[in-house]
Amino acid sequence: MSSTQQLLRSQRDLLLNWTRDHPAPLLRWLRDANVLSSSLYLSLLERSPSNAVAQALEAVCASEESSQSFLQVLREVQDYYCEDLQAWVERHCRDETDTKLEPVPVQLEDKISKGPFAKLFKGKKSKGFTVTTEVKKELKPRRSIKSANIRVPISAHKTTLLKRTEQLKCYSEGEGNASNSASHIEIRYTDLFVTEDYELIDSSQHEYFDLASRRARIYVHQACQRIQPRHLLSPQETTGRPPKRVKVKGIAGIGKSVAVQRLVYEWALGKNMRNFTCVFDLRFRELNLIEVPLSLFDLLGDRFLYLKTVLPDLFASPSSLLFILDGLDEFKFHLRWNAPTCDIGVNSKVPVSELMVALIKGSLLPEASVIVTMRPSTEAPKRFFQRCCMVLGFEEQQVKEYTSKFYKDKEVADKVYDYVLSNDNIFVLSFIPLYCYIICTAMAEFFSSGKQDDHGDSKSLELNPPRTVSEVYFCYLFTAVKHHALKGRAERSTPKSEVLSLARQQLTSLGKLAYENLLNRKILFDRADLEKYGVAPAEVQSTFLNILQPLKEETGDMFSFFHLTVQEHLAALYCAINLDNEEDIIQALDFWCFGETPSSPTTVPLLNKDLDVDKLESLHMFTRFFMGLLRARLAGQLEGLALTPMEQQDGLPKKLGLWFQAQFKGRVLENQTALNLLHCLMEFHMVEATSTAAPEIKKLNLFKMKLSVVDCAAMHYVLQFSPHKLEELNLGYSNIGNRGLNRLGPILHRCESLYLRYNCLDRQAAILESAVLKSNECQVKKLFMCGNNLGPEGALQLWNALEYNTTVEELYLDITGITEMGTENIVNCLSKNTSLKTLTIVGNDIGEGGRRRLRELERRRPDLRIIGNFVDDLGLLQAYLDWVEEIRADRDQMDSVKNADALQSVLKGLQVIEEGENAVKARELKTKILELLKPSIVRAGAK
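Residues numbered from 1 in each chain as written. Predicted model: local features only at pLDDT ≥ 70, side-chain atom pairs only at ≥ 80, totals over all residues. Heavy atoms only, no water.

(A) Local environment of the overall build of the protein. Tallying secondary structure elements over the protein gives 40 helices and 19 strands in all. Of all 943 residues assigned to the protein, the portion counted as buried reaches 60%. Long-range contacts, defined as pairs at least 24 residues apart, comprise 75% of the intrachain contacts of the protein with a sequence gap of at least 6. Carbon and sulfur atoms make up 48% of the accessible area of the protein, which amounts to about 38800 Å² in all. (Helix = DSSP H or I, 4+ residues; strand = E, 2+ residues; numbered from the N terminus. Buried < 20%, exposed > 50% of the residue type's maximum accessible area, 1.4 Å probe, protein only. Contact = heavy atoms within 4.5 Å. Areas by Shrake-Rupley, 256 points an atom, 1.4 Å probe, with all protein chains shown as cover.)

(B) Just the packing of aromatic side chains, in detail. The final tally for this structure, using the stated rule, is 27 aromatic pairs. Above the ring of W267, the side-chain terminus of K158 is found at 4.7 Å from the ring centroid. Between K271 and the ring centre of W29, over which it is positioned, the NZ or CZ distance is 3.9 Å. (Phe/Tyr/Trp six-rings, centres within 6.5 Å; stacked < 30°, edge-to-face > 60°. Lys NZ or Arg CZ within 6 Å of the ring centre and 35° of its normal.)

(C) Spatial organisation of the pattern of salt bridges. Applying the stated criterion to the full structure yields 34 salt bridges. Note that E411 is salt-bridged to K415, the shortest N-O span being 3.5 Å. Here E411 pairs with K415, and both are found in helix 17 (residues 410–422), just four residues apart, close to one helical turn. Each member of the salt-bridge network shares a partner with another, and the members are R28, R31, D32, E186, R262, E266 and K271. (Salt bridge = Lys/Arg side-chain N within 4 Å of Asp/Glu carboxyl O.)

(D) Summary view of the sheet that holds strand 3 (residues 194–196). The strand order across the open sheet built from seven strands is 4-3-9-5-8-7-6, with neighbouring strands paired in mixed fashion. The sheet is open, and its two edges are formed by strand 4 (226–227) and strand 6 (278–283), each paired on a single side. In terms of strand pairing, strand 3 meets strand 9 (residues 387–391) through three bridges, oriented antiparallel. Paired with V194 across the strands is V391, a residue of strand 9. Against the sheet, helix 15 (residues 352–361) contacts strand 5 (245–249), strand 7 (321–326) and strand 8 (369–374), and its axis sits at roughly 125° relative to strand 7. (Pairing = 2+ DSSP bridges. Axes fitted to C-alpha atoms, helices over the stretch in contact; angles between N-to-C directions.)

(E) Summary view of the sheet that holds strand 15 (residues 751–755). Reading across the sheet, the seven strands line up as 13-14-15-16-17-18-19 and stay open at both edges, with parallel pairing between neighbours. Two strands close off the open sheet at either side, each with one partner strand: strand 13 (699–701) and strand 19 (865–867). Averaged over neighbouring strand pairs, the angle between their axes works out to 10° when direction is ignored. As defined by bridge partners, strand 15 adjoins strand 16 (residues 782–784) across three bridges and the pair is classed as parallel. Across the sheet, Y755 pairs through a bridge with F784, a residue of strand 16.

(F) Here's a closer look at helix 37 (residues 874–889). Over its 16 residues, helix 37 runs 23 Å from end to end, which matches the ideal 22 Å to within 8%, given 1.5 Å per residue. For helix 37, the full list of buried residues reads L876, L877, Y880, L881, W883, V884 and I887. Looking down the long axis of helix 37, one finds its buried residues gathered within 160° of arc, a one-sided arrangement. (Expected span 1.5 Å × (residues − 1). Arc of directions from axis to C-beta.)

(G) Up close: the state of the cysteines. Within the structure shown, the criterion is met by zero disulfides. Lacking any disulfide linkage, C751 is separated from the closest cysteine sulfur, that of C778, by 9.6 Å. (Disulfide = S-S within 2.5 Å.)

(H) Region of interest: empty space enclosed by the protein. A full pass over the atoms with the stated rule returns 12 cavities of 30 Å³ or more. One number sums up the size of the second largest cavity: a volume of about 90 Å³. Contributing to the lining of the second largest cavity are 13 residues, with P229, L232, V248, K256 and A259 lying nearest its centre. At four residues, helix 11 (residues 256–268) tops the list of elements feeding residues into the lining of the second largest cavity. (1 Å grid on protein atoms, 1.4 Å probe; cavity = no way out; pocket = protein on both sides within 12 Å on 5 of 7 lines; lining within 4 Å. Points joined across faces, edges and corners; volume = space filled by probe spheres on them.)

(I) Geometry of the pairing of strand 5. Judged by how many residues are buried, strand 5 sits mostly within the fold: five of five residues are covered. Residues R245, K247 and K249 point to one face of strand 5 and V246 and V248 to the other, with burial holding for every one of them. Examined bridge by bridge, strand 5 and strand 9 share four bridges and lie parallel to one another. Directly across from V246, in strand 9, lies its bridge partner R387.

By themselves these figures say nothing about function.
This is how it looks when you write it as structure tokens:
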């Protein structure tokens with residue numbers, strides 16, 4: 001046996017004793033040095049620390065090469081461990097070129113000082129460790145800090161951060177034995193889709209819908225702008241310098257805090273952001289508890305006790321410091337962004353709100369770097385940040401990765417992922433990490449067991465995987481209640497009605513808390529709020545951690561529901577079990593959807609509340625949940641919760657169908673409201689109701705509504721029950737993509753006027769639309785496909801379809817990527833067509849051959865008006881002028897559908913401007929487009 005192997009084997013017990021309490025750095029560096037394989041590394045993280053190190057040492061001692069690599073790694077990570085190990089490394093791994101400073105032991109106080117922040121961290125002590133984990137040669141020489149003074153405290157800091165960040169709370173799955181657990185962040189973490197945020201205005205709609213809109217606008221178009229979370233502080237293309245202030249926005253549950261946790265963990269391991277000497281992570285929910293003025297020195301000294309003595313040294317080199325401020329939306333204090341800038345130093349005692357504003361704005365430690373996370377609705381002016389990012393959650397591959405990590409059984413993971421992928425309603429939720437967690441939790445009941453039990457209610461949702469959003473949430477709630485709240489009082493075979501009956505009082509109390517505060521848009525609760533509704537804080541912490549969670553476990557001062565949608569679902573459940581007759585339900589829908597107070601509100605006690613009619617969109621998800629849970633009650637699935645039978649149960653679907661019919665017939669509906677009513681019908685999912693309401697929908701205008709696949713699924717579900725043609729379906733600027741169009745495919749032939757402008761459609765969409773036009777049942781008269789990338793192949797498909805079509809009178813193919821090749825069959829096909837009266841094909845580079853073919857087509861079809869140049873038609877020029885004015889008023893359009901490219905295409909078509917009455921209009925359009933493109937041209941030049 002070689003000398004290095006012999007050394008390690010002989011010293012195995014010593015090495016194990018020194019590293020087993022804290023194996024993370026050693027294991028990770030061994031993996032990155034290829035001493036441990038990735039699969040072995042992940043398996044070791046699931047073992048006890050002692051077993052993990054023991055097995056790693058066995059793998060290391062397998063060869064002389066791996067043994068020597070181990071010694072090199074040990075030199076890199078020795079600073080995490082005790083002085084004895086460092087002395088051992090110095091003795092056995094001496095490198096004459098490496099000069100080490102003498103280690104200085106750190107003395108930690110036995111008691112945490114009594115500063116205003118100290119009470120938050122009782123019991124959080126850290127062992128002393130020597131020497132920093134930074135690789136000395138990578139430290140920037142411009143630093144003035146004396147490394148010897150800070151190495152020991154920084155080492156203690158890194159060790160503490162590692163212990164705090166290496167575990168992710170998650171739901172443990174498998175065979176119905178569910179429980180709260182924690183898994184290593186290296187095992188569970190799935191990277192996020194983050195992009196630059198160019199939003200100029202904040203939306204007031206429900207944050208889930210706003211996110212869906214932003215994803216629809218950004219997803220396809222901004223691949224080059226995607227940012228890995230670990231690169232948030234990477235140099236910017238425009239300046240070549242890293243940003244000092246970074247804002248990260250994202251809705252609740254999108255993964256901001258977990259991404260921050262991962263950043264801190266990677267820095268503490270010495271694997272990321274190594275140019276920073278120290279990282280301070282602070283949570284605004286904890287800062288809420290600070291009521292007295294304090295300085296930054298006080299704040300950090302109390303929060304990070306082991307750094308207190310070296311804070312002056314750290315402050316002396318602020319460019320080497322990073323502050324990560326998580327959850328600005330949870331900060332209860334008012335932030336005065338526009339207040340005059342005060343001269344605040346690190347020792348100035350000010351209210352914590354002023355301290356945070358000064359740090360974020362850069363009036364305090366301007367050379368330090370700051371990352372702030374928040375929800376989209378939180379005010380934080382963009383002018384204070386050099387980089388603004390939006391977290392958009394997972395992409396399809398990340399959903400698959402997350403699912404595979406959630407279930408230990410690969411077969412189960414594959415089944416769940418395939419089921420989610422095949423169900424648009426559920427799939428569209430899965431890109432939000434927290435929703436993905438909820439979905440996987442709910443699905444564990446259906447796919448984790450090889451066979452279903454013979455016990456229980458045959459109508460139970462447990463026997464059928466959920467299909468709609470409300471079903472997913474009800475399954476999640478049922479699982480949480482069954483395995484957590486009832487604490488062993490319910491087995492897998494316990495009937496659903498019995499489980500719900502056991503938890504009825506608790507769910508009713510939580511539901512009332514959720515509902516009444518939802519109407520007031522309140523999402524944070526204190527102990528008094530809980531006690532008012534009969535919810536005991538102690539009970540919450542012991543039984544309902546999966547539903548209602550304390551924001552600060554040490555004090556339990558504030559609580560919030562696991563997620564906003566969980567509050568909305570519980571609120572809807574409360575209403576579904578407390579509204580017992582048709583009239584009350586109808587009045588409730590009038591109230592929730594349109595803000596109409598019942599004539600006799602005392603008959604419907606749930607509605608005896610003030611409601612801001614300008615905020616009705618915030619109740620859209622709630623109303624969808626309500627309709628889904630109402631169906632569940634009618635199907636007997638809420639038995640055990642609802643104490644009284646529902647009056648006139650059999651007639652309710654018809655009555656509700658008439659109510660929906662009246663809304664579509666008698667109201668001028670806002671786009672978002674109309675879409676929400678379609679979703680409500682889909683969640684209710686009862687043919688009698690939908691078939692009554694659907695025939696009244698003659699037109700559906702969702703122009704500029706950013707629609708998801710599930711929105712398209714709702715449209716399809718309802719409109720399939722309409723027997724007549726749809727006069728107009730306007731989905732212009734909705735970015736539905738091919739997947740959304742496919743979902744609508746079965747009803748497209750019944751749309752008389754079909755607007756599909758700027759929807760990220762390509763050749764596949766043209767193939768689908770061609771099949772629609774060939775259908776014997778096709779009723780399409782006007783088809784607008786402008787601004788989609790159909791390409792030459794897509795155009796050829798459309799011309800072929802029009803050879804046989806007898807209904808289409810107007811076809812608009814402006815700026816669709818048609819080339820000369822895309823006109824090869826246009827003369828042969830369209831000369832045989834008898835119905836087409838207008839064809840617009842401007843903004844396409846069809847070449848001289850294409851123009852020649854158009855002239856030939858005009859000769860054969862003199863009744864067909866072909867607009868091949870912008871200057872040919874005054875109305876078309878005016879339409880594009882109006883479009884340019886729209887973009888000028890709403891610059892978001894420029895980024896959302898890559899209109900800059902479209903405008904360039906229009907410009908190209910305006911290069912030859914002939915004299916005539918249209919010339920003035922054409923020159924005006926050209927001038928305005930050039931003005932509009934100037935900022936984009938400047939940005940492109942800067943890059």
